[in-house]
Structure formats: structure tokens, C-alpha cells
Amino acid sequence: VFRAHGVKLILLRCAGHDRVDLEAAAAVGIRVANVPSYSPHAVAEHAAAMALSLNRHTCTAYNRVAAGNFTLCGLVGRDLHGKTCGILGTGKIGRVAAKIFKGLGMEVLAFDAK
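The model shown is predicted, which means the values in this text are computed figures rather than measured ones.

(A) Summary view of the pattern of salt bridges. In total, this model carries 1 salt bridge according to the counting rule given. The salt bridge involving Arg56 is made with Asp79; its shortest N-O contact spans 3.7 Å. With Arg56 in the loop between helix H2 (40-55) and helix H3 (58-66) and Asp79 in the loop between H3 and strand E3 (84-88), the pair connects residues that are 23 residues apart, well separated along the chain. The partly exposed category is assigned to Arg56, whose relative accessible area is 40%. Assessed through its relative accessible area of 53%, Asp79 is described here as exposed.

Structure below.
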């Protein structure tokens with residue numbers, strides 16, 4: 001299907017390529033490429049940003065303001081300092097995330113199956 005539409009290359013924005021049938025792509029002359037890895041800092045920082053956004057109800061606040069509603073009811077978050085953060089996986093990303101959350105004054109509990 002892709003080849004019929006002139007596709008010659010599939011670029012994946014992920015470290016793996018398990019969602020593409022590499023043999024089928026090769027059979028019709030389509031090359032497949034992906035990123036070799038992600039920056040553990042970028043991924044851990046994004047996870048921390050999402051946690052902060054969730055805690056401070058950033059999306060709800062944005063949507064309310066866009067609708068002209070400037071009330072603060074239900075938008076007050078909690079201090080993360082002193083709270084406990086659980087991290088599953090202590091590889092490169094998990095270790096960086098642990099440092100970030102420790103930097104926020106959180107207790108960090110981590111687990112890795114290996």
C-alpha cells in the first residue's frame with residue numbers, strides 16, 4: 001500500500017521498530033529508520049514536567065482561561081516536597097528521574113525487576 005503511493009522511506013520517532021514489518025518493507029524496497037536512543041535527561045525531565053502539570057492542574061487552568069473563566073476553585077495543587085514518588089525501572093531514565101524528584105524534596109522509592 002505504501003509503495004503504491006510512492007513511499008520510499010519510513011522514519012520512526014521511537015527507539016524501536018517493532019510496529020513495522022521490516023521483512024515486508026524490505027521486500028517492496030522501503031527503507032526503515034528510527035532514532036538510536038532518547039536522551040534519558042529529556043525523557044525524565046518530560047516526566048517531571050507532566051507530574052508538575054498534573055499536580056498544579058495546568059491543563060484545566062489553561063482551558064478555563066481560554067473559556068474566560070478565571071476562578072481558582074479546584075486548581076490549587078499540593079507541595080510535592082515531602083511527598084513520595086515511585087519509580088518503576090532504574091535504568092538510565094529512572095535514575096535521572098529519581099535525581100529530579102529528589103531535587104524537588106521528594107522521597108523516592110524505586111524498583112527494577114532486573
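(B) Quick look at the packing of H2 against helix H4 (residues 92-103). Contact geometry of H2 with H4 gives a least axis separation of 8 Å together with a crossing angle of 45°. Classified by the angle their axes make, H2 and H4 are oblique. As H2 packs across H4, the resulting crossing turns out to be right-handed. In this structure, H2 contributes Pro40, His41, Val43, Ala44, Glu45, Ala47, Ala48 and Ala51 to the contact, and H4 contributes Lys92, Ile93, Val96, Ala97, Ile100 and Phe101. For the contact of H2 with H4, a count of residues per class yields 11 nonpolar, 1 polar and 2 charged.

(C) Structural context of unusual backbone geometry. Even without being glycine, His57 reaches a positive phi, approximately 55°. Structurally, His57 can be placed in the loop between H2 and H3. By relative accessible area, which is 28% here, His57 ends up partly exposed.

(D) Spatial organisation of H2. Helix length check: H2, at 16 residues, gives a terminal C-alpha distance of 22 Å against a target of 22 Å (1.5 Å per residue), a fit within 8%. What H2 keeps buried is the set Pro40, Ala44, Ala48, Ser53 and Asn55. Those residues of H2 hidden inside the fold are in contact with H3 and H4. Positive backbone phi, approximately 55°, marks His57, located one or two places after H2.

Quick notes on the rules
Residues numbered from 1 in each chain as written. Predicted model: local features only at pLDDT ≥ 70, side-chain atom pairs only at ≥ 80, totals over all residues. Heavy atoms only, no water. Salt bridge = Lys/Arg side-chain N within 4 Å of Asp/Glu carboxyl O. Helix = DSSP H or I, 4+ residues; strand = E, 2+ residues; numbered from the N terminus. Buried < 20%, exposed > 50% of the residue type's maximum accessible area, 1.4 Å probe, protein only. Axes fitted to C-alpha atoms, helices over the stretch in contact; angles between N-to-C directions. Parallel < 35°, antiparallel > 145°, perpendicular 65-115°, else oblique. Left-handed = near helix turned anticlockwise from the far one by under 90°. Contact = heavy atoms within 4.5 Å. Nonpolar A, V, L, I, M, F, W, Y, C, P; charged D, E, K, R; others polar. Expected span 1.5 Å × (residues − 1).

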